[in-house]
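So the chains spell out like this:
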Amino acid sequence: SAVISQKPSRDICQRGTSLTIQCQVDSQVTMMFWYRQQPGQSLTLIATANQGSEATYESGFVIDKFPISRPNLTFSTLTVSNMSPEDSSIYLCSVVPNEVVYEQYFGPGTRLTVT
Amino acid sequence: AQSVTQLDSQVPVFEEAPVELRCNYSSSVSVYLFWYVQYPNQGLQLLLKYLSGSTLVKGINGFEAEFNKSQTSFHLRKPSVHISDTAEYFCAVRPQGAQKLVFGQGTRLTINP
């Protein structure tokens, strides 16, 4: 398994500003993902964070809005840029430890409220 | 493409009663199947998974699920629920050969005393 921490755990931000969310894993992992969970809804994959290269975004998500970094095998950041109230969600980091492990492990999430 | 349908958005049950949370999926390729639980204000925790072999899989906290290939279902069951089982439950599939998880809409399980 993998132990994942996220910072901040929650934040209240004003529209038009940006917030960077950090994801730290206690061991090197093969793959890292960022998900969004809008209020009362399921999880939607934003992107796959690739180590040393640009993230791979899902349909409907763009790099200008959600820039992602992954400088090494244990750390990633997601920035929510130029926020609007529609960005109010829980953002979750997820990892697949290695190619032998089939399940994804999730961090505790960052609860973002945009006013 | 894959899709997951959780047929019940909310399931209220009394404590110590049995419960079944339904999950159906569609996929043009073989998939791995997962159930996750999300307790209030927490992240997701893996309950159980089906990769291959026996179609009845057992997970944590007394939960089990049965994979039915002909009906493309993966229903979650527990014979006797506890107040602490109150949570949101998500069914998810992952195509074999890929890493992306596709989630259902979730089922909110509420346990009444």
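Residue numbers run consecutively from 1 along every chain, following the written order of its sequence. Going through the entries in the order they are written, you letter the chains from A and number the ligands from 1. Per-residue local features are limited, in this predicted model, to residues with pLDDT of at least 70; the limit for side-chain atom pairs, both in listing and counting, is 80 or more; totals at the level of whole chains, interfaces and linings are taken over all residues. For side-chain calculations, the full set of non-hydrogen atoms in the structure is used, while hydrogens and water are omitted.

Q: Help me get a handle on the interface of chain B and chain A, residues and values and all.
A: Whether two residues are in contact is decided by their heavy atoms: any pair within 4.5 Å suffices. In this assembly, 19 residues from chain B lie in contact with 20 residues from chain A. When two parts are put together, the accessible area they lose, computed with a 1.4 Å probe and summed over both, is reported as buried area. Buried area between chain B and chain A, both sides added, is near 1,600 Å², and the carbon and sulfur share of it is 56%. Summed over the three residues of chain B that lose the most area to chain A, namely B:Leu44, B:Gln99 and B:Phe103, the buried surface amounts to 31% of that side. Any Lys or Arg side-chain nitrogen found within 4 Å of a carboxyl oxygen on Asp or Glu counts as a salt bridge. Taken together, the connections running from chain B to chain A amount to 2 salt bridges. Of the charged contacts in the structure, one is a salt bridge between A:Glu103 and B:Lys49, with a shortest N-O distance of 3.5 Å. Counting from the N terminus, the helices are the DSSP runs of H or I reaching at least four residues and the strands are the DSSP runs of E reaching at least two. By residue number, the principal contributor to the side of chain B that touches chain A is strand E5 (residues 31–38) of chain B, which donates 4 residues. Per-class residue counts for the side of chain B that touches chain A are 9 nonpolar, 7 polar and 3 charged. Under the scheme applied here, ten amino acids are nonpolar (Ala, Val, Leu, Ile, Met, Phe, Trp, Tyr, Cys and Pro), four are charged (Asp, Glu, Lys and Arg), and all others, including Gly, are polar.

Q: Can you lay out the pattern of salt bridges for me, pointing to particular residues and giving the numbers?
A: Residue and element names in this part refer to chain B. Scanning the model with the defined rule gives 9 salt bridges over all chains in all. Note that Arg77 is salt-bridged to Glu66, the shortest N-O span being 3.4 Å. Of this pair, Arg77 sits in strand E9 (residues 73–78) while Glu66 sits in strand E8 (residues 64–68), and the two are 11 residues apart along the sequence. Accessibility expressed as a relative area gives 26% for Arg77, which makes it partly exposed. Across the pair Asp85 and Lys78 runs a salt bridge, and its minimum N-O distance is 2.8 Å. In terms of burial, Asp85 and Lys78 fall into one category: buried. Through salt bridges with shared partners, one network takes in Glu20, Glu66 and Arg77. Categorising residues by exposure relies on relative accessible area from a 1.4 Å probe, with only protein chains included: less than 20% of the type maximum marks a residue as buried, more than 50% marks it as exposed, and the intermediate range marks it as partly exposed.

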